[in-house]
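The chain contents come next:
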Amino acid sequence: MMGCQKVLEKTPDGQITIDKVLNDFDRSKGLRDVVYGQIYQARDMISFVHNPIEALTDNAFWAATYNAYRWHNGSLSLTDPVITWDWSSPAEQLWPDFWRGIRLANNAIKYLPQSTAINENQRNLWIAESRVLRCWFYMNLLEFYGAVPWVEEPFDPNFMGWNELKRPAYNEIATKIEEELLSVIQSGVLPAKGNPAQSDARYVDNAIAYAIRARVLLYNASPLNNPENDAAKWMRAANAAQDVISLQGFSLVPMENYKRLFIGAYANPASEIIWRAWSDNSHINNTNGVNVGPYPYATINNIWNCGESPTQELVDCFEMKNGALPVTYNDAGRTKITVNPSAAALGYSEEVGGNPYTNRDARFYVNILYNMADYGVPFNGTQPYIIETFVGGRNGYNDIISRETQNSCTGYYSRKDKQITYWGPGTAKGNEPTHWVFFRLAEFYLQKAEALCEAGDLPGAMTALNVIRARAGQPDIQSVPGFAASQDFLRTRIRNERRVEYCLEGQYRFVDQRRWKVLNQTNRFVTGMRITKGGDGRFSYERRKIRDYQSYTDKYLVMPIPLEDAKK
């Protein structure tokens, strides 16, 4: 817990002792502000520089030999956490950063009551915010490292009681987080939505507290942490999700505005967004997007790296418009398939001259750039940029996986939080800001669906699931081809829905693979689609394995505590 070893005796700039902080308004406020400063702002700056967590899952492939390559090589161990920034000290980032956030929150909670420079409303508000933020950092620790001790005091530098700190049961820490959040909510200090005392949308409110609680309780009920499959934990998670759904002021955006969830000024979020990063992430167009440099109608700079490239496995999860999944795998390598008849009826074909990208779920076209997709018109451009992923095309398939590349190794590119208008002649740009979404309302409908399914309430689960499907224009789950009114069928489709709704957006898939304990099924290899163009202009499709993975074993379920801290 190296992030907890130092108690704050100076201001955030390290220059002034605590008594001077408590007698100054700005410095007292800084006790709260530095806690917000510990929240990660870019989804492609967690695993490694510009390397999204998605690349550690079966949703996306990242070429080159950096962290994602090492991760899938099976390198994870006590001495090599893999998710490191090797030029930093400590190289490990997540563990100390999350604990640092907790320490700074504890400092604010401890010292703000002593400040003589703020009024009671400010004191109560900033302490309540710090308590919620402490739970945010605990939630992050749970996602990566499992259950950890609850700490309310900033440790003295001479603290010697490390051996007395024990890993609690998961339900114990989840319950503590829930109690803490409910205490803040019920105090009435924070507003239900938005902070009227602030003009800045970053500041936490009761809606964010409810969202953290719901997500933690879902983790608590999941197979990794609930091996006895206690139905009461699932109902607790379902009820927590309903508490978020019932909040006033939030609603799902219609499908035509779906893209607005990921772009636009953070101070004016879409109605579905509960909380998102406040820093602009537009750079992700250059680090995890598609190269628009070959645009034939103007001189546009080339991209640095295509980064997270969606896998064929992810593409196969997007249904046809009639609710049919497109294919069934015929071999263990997932390169031989049978097209499902209901998909073929809507035109799905991987035969020569066929088109596997027609009549798909509307979210497919928001999330994925595929062969011959119209990406739109670049800033100050005159014609749309058409994606060519076929071999030899302007964004053609790349067979070399060992180095950074502007061309995808899977035959697909990430589109979700990207904009063609980021690119224009020279350095010209006309894009809107991009912000990483931490919580949005759709998550809690899917959480409710999952929890009710596992608790045996299949009608309730289908009702919640169908809310999200309806927004996407997909038929009710009861109407999809091959529907079966069984828990196994519904569980599979709820998990698929969650994968589709939240792909290329954060660390949902990373956490889901672990809490469901499905790594052994999902992380053995990934595939792509290699397309060639014949002399007659017709396309041929070849599913191809990209590489084998070693990131499927149980050691990947919970990341190891850094060795030096584990020794304490």
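As a convention, each chain's residues are numbered from 1 in the sequence order in which they are written. For a predicted model such as this one, the threshold for reporting local features is a pLDDT of at least 70, and the threshold for listing and counting side-chain atom pairs is 80 or more; totals across whole chains, interfaces and linings nevertheless cover every residue. Only heavy atoms go into the side-chain values, all of them from the structure, while hydrogens and water stay out.

*Asks:* Explanation requested: the overall build of the protein chain in the structure shown.
*Replies:* Under the scheme used here, helices are H or I runs from DSSP no shorter than 4 residues and strands are E runs no shorter than 2 residues, and both carry numbers assigned from the N terminus. On a plain count of helices and strands, the protein chain comes out with 18 helices and 10 strands. We take the radius of gyration over the C-alpha atoms and set the globule estimate at 2.2 Å times the residue count to the 0.38 power. Relative to the compact-globule value of 24 Å for 568 residues, the protein chain shows a C-alpha radius of gyration of 24 Å, a close match. If one aligns the C-alpha atoms of the protein chain with their principal axes, the spans along those axes are about 80 × 55 × 45 Å. Within the protein chain, buried positions represent 60% of all 568 residues. Expressed as a percentage of contacts within the protein chain between residues at least 6 apart in sequence, the contacts between residues at least 24 apart total 69%. Only protein chains enter the area calculation, which uses a 1.4 Å probe; residues under 20% of their type maximum are buried, those over 50% are exposed, and those in between are partly exposed. Residues count as neighbours in contact if any of their non-hydrogen atoms are within 4.5 Å of one another.

*Asks:* What is the right way to read helix H8 (residues 231–245) from this model?
*Replies:* In an α-helix, one full turn covers 3.6 residues, which means residues spaced three or four apart are oriented alike. A helix's residues, less one, multiplied by 1.5 Å, set its expected span. Given a rise of 1.5 Å per residue, 15 residues ought to cover 21 Å, and the 21 Å separating the end C-alpha atoms of H8 matches this to within 8%. Listed in full, the buried residues belonging to H8 are Lys233, Trp234, Ala237, Ala238, Ala240, Ala241, Val244 and Ile245. For H8, the arc enclosing every buried residue in end-on projection is 160°, short of the 170-degree limit, so these residues lie on one face. Directions from the helix axis toward the C-beta atoms define the arc.

*Asks:* How do you make sense of the packing of aromatic side chains when you look at a structure like this?
*Replies:* Aromatic ring pairs: the centre-centre distance and the angle between the two ring planes describe each pair. Only the six-membered ring of Trp is used, alongside the rings of Phe and Tyr, when aromatic pairs are assigned; centres must lie within 6.5 Å, and planes under 30 degrees apart are stacked while those over 60 apart are edge-to-face, with the rest tilted. Scanning all chains against the criterion turns up 36 aromatic pairs. Grouped by ring-pair contacts, the aromatic residues Tyr40, Trp71, Trp95, Phe98, Trp99, Tyr138, Phe144, Tyr145, Trp150, Phe510 and Tyr556 constitute a single cluster. The rule for a charge over a ring is simple: NZ of Lys or CZ of Arg within 6 Å of the ring centre, and within 35 degrees of the ring normal. Between Arg514 and the ring centre of Phe510, over which it is positioned, the NZ or CZ distance is 3.8 Å. Its guanidinium or amino end placed over the ring of Phe525, Lys545 lies 4.8 Å from that ring's centre, counting from NZ or CZ.

*Asks:* So what exactly am I meant to see when it comes to unusual backbone geometry here?
*Replies:* What is expected of a backbone is that most residues other than glycine have negative phi and most peptide bonds are trans. Phi angles above zero are rare outside glycine, and Met372 is one such case at about 75°. Note on placement: Met372 falls in the loop between strand E6 (368–369) and strand E7 (413–414). The exposure class of Met372 is partly exposed, given its relative accessible area of 40%.

*Asks:* Any chance you could explain the pairing of strand E9 (residues 525–533) here in plain terms?
*Replies:* Two faces make up the sheet, and in a regular strand the side chains alternate between them. Where burial is concerned, most of E9 is hidden: 7 out of the 9 residues are buried. Strands pair, by our definition, only if DSSP identifies at least two bridges between them. Note that E9 and strand E10 (residues 539–548) share 9 bridges and pair antiparallel. The partner of Phe525 across the bridge, within E10, is Asp548. Between the end of E9 and the start of E10, which pair antiparallel, lie 5 residues, with Gly537 showing a positive phi angle near 85°.

*Asks:* Could you clarify how one ought to interpret the environment of Leu346 in this entry?
*Replies:* Structurally, the position occupied by Leu346 is in the loop between helix H11 (341–344) and helix H12 (362–367). For the pair Leu346 and Asn322, spaced 24 residues apart in sequence, the C-alpha to C-alpha distance is 8.1 Å. Setting aside anything within four residues of it in sequence, one finds Leu346 in contact with Met320, Lys321, Asn322, Thr358 and Asn359.

*Asks:* For this particular structure, what's the right way to read the environment of Tyr370?
*Replies:* Mapped onto the elements, Tyr370 comes out in the loop between E6 and E7. Taking relative accessible area as the criterion, Tyr370 reaches 14% and is therefore assigned buried.

*Asks:* Looking at this structure, how should I read the state of the cysteines?
*Replies:* Among covalent bonds in proteins, the disulfide is the one between the sulfur atoms of two cysteines. Counting rule for disulfides: a pair of cysteine sulfur atoms within 2.5 Å. One pass over the full model with this rule turns up 0 disulfides. For Cys317, which is in no disulfide, the shortest distance to another cysteine sulfur is to Cys503 and amounts to 8.8 Å. For Cys317, a relative accessible area of 7% corresponds to the buried category.

*Asks:* Which parts of the structure should I look at to understand the packing of helix H5 (residues 120–145) against helix H7 (residues 206–221)?
*Replies:* How two helices sit against one another is set out by the angle between their axes and by the gap between those axes. Relative to each other, H5 and H7 sit at 25°, their axes nearing to 10 Å. On the basis of their axis angle, the class for H5 and H7 is roughly parallel. Taken as a pair, H5 and H7 cross one another with a handedness that is left-handed. Touching Val132, Cys135, Trp136, Met139, Leu142 and Glu143 of H5 are Ile208, Ala209, Ile212, Arg215, Val216 and Tyr219, all from H7. Here the contact of H5 with H7 is built from residues that sort into 10 nonpolar, no polar and 2 charged. Every axis in this analysis is a line fitted to C-alpha atoms, fitted for helices over the stretch in contact. Angles between the N-to-C directions lie between 0 and 180 degrees. Here roughly perpendicular refers to angles of 65 to 115 degrees, roughly parallel to angles under 35, roughly antiparallel to angles over 145, and oblique to all remaining angles. For any helix crossing, the convention is left-handed if the near helix is rotated counterclockwise from the far helix by under a right angle, and right-handed if that rotation is clockwise. Amino acids outside the nonpolar list (Ala, Val, Leu, Ile, Met, Phe, Trp, Tyr, Cys, Pro) and the charged list (Asp, Glu, Lys, Arg) are all regarded as polar, and Gly is one of them.

*Asks:* Looking at this model, I keep getting lost on the nonpolar core. Mind explaining?
*Replies:* Looking at soluble globular proteins, one finds that nonpolar side chains tend to be buried together. With 119 residues, the main nonpolar core has Tyr138, Ile212, Trp275 and Phe439 as its most contacted residues. Sorting elements by how many residues they give to this core places H5 first, with 15 residues. Setting aside chain neighbours within four positions, we find Ile212 in contact with Val132, Cys135, Trp136, Met139, Leu181 and Phe439. We define a nonpolar core as any set of buried Ala, Val, Leu, Ile, Met, Phe, Trp, Tyr and Cys residues linked to one another through side-chain atoms lying within 4.5 Å. Counting 33 residues, the second largest nonpolar core, distinct from the first, contains Ile303, Leu369, Tyr385 and Phe390.

*Asks:* What exactly am I supposed to notice about the pattern of salt bridges here?
*Replies:* Close approach of charged atoms allows side chains with opposite charge to pair. Each salt bridge in this description consists of a side-chain nitrogen of Lys or Arg and a carboxyl oxygen of Asp or Glu lying within 4 Å of one another. Summed over the entire model, instances satisfying the criterion amount to 48 salt bridges. Arg363 is paired through a salt bridge with Asp361; the nearest N and O atoms lie 2.7 Å apart. The two residues Arg363 and Asp361 agree in class, both being buried. We note a salt bridge from Lys416 to Glu505, for which the minimum N-O separation is 2.7 Å. With Lys416 in the loop between E7 and strand E8 (437–440) and Glu505 in the loop between helix H15 (487–502) and helix H16 (508–515), this residue pair connects regions lying 89 residues apart in the sequence. Accessibility expressed as a relative area gives 0% for Lys416, which makes it buried.

*Asks:* What should I look at first to understand H5 in this one?
*Replies:* In this model H5 runs 37 Å from its N-terminal to its C-terminal C-alpha over 26 residues, within 8% of the 38 Å that 1.5 Å per residue would give. The buried fraction of H5 amounts to 22 of the 26 residues, a majority that puts the element mostly inside the structure. We define a polar contact as two N or O atoms separated by no more than 3.5 Å, with the added condition that, inside protein, one atom must be a possible hydrogen donor and the other a possible acceptor, whereas residues neighbouring each other in sequence contribute only through side-chain atom pairs. Where H5 starts, the residue carrying a side-chain oxygen 3.1 Å from the main-chain nitrogen of Asn121 turns out to be Asn119. Gly146, located one to two residues past H5, shows a positive phi value of around 80°.

*Asks:* Can you help me understand the side chain of His72 in this one?
*Replies:* Residue position: His72 is located in helix H3 (residues 67–72). Residues in contact with His72, not counting those within four places in the same chain, are Ala55, Leu56, Thr57, Asn523, Arg547, Tyr549, Gln550 and Ser551.

*Asks:* What is the right way to read the confidence of the model for the protein chain from this model?
*Replies:* Detailed conclusions should not be drawn from predicted coordinates in areas where pLDDT is low. Per-residue confidence from the predictor is reported as pLDDT, which spans 0 to 100. On average, the protein chain scores 93 in pLDDT, and the residues at 70 or more come to 95%. Low confidence marks residues 1–9, where pLDDT is under 50. Its contacts with residues over four positions away, or in another chain, come to 42 contacts.

*Asks:* Would you explain the side chain of His50 in this entry?
*Replies:* Within the fold, His50 resides in the loop between helix H2 (25–36) and strand E1 (60–61). Classification of His50 as buried rests on a relative accessible area of 19%. With near-sequence residues (within four places) excluded, His50 lies in contact with Asp44, Met45, Trp62, His283, Thr287, Asn288 and Trp304.

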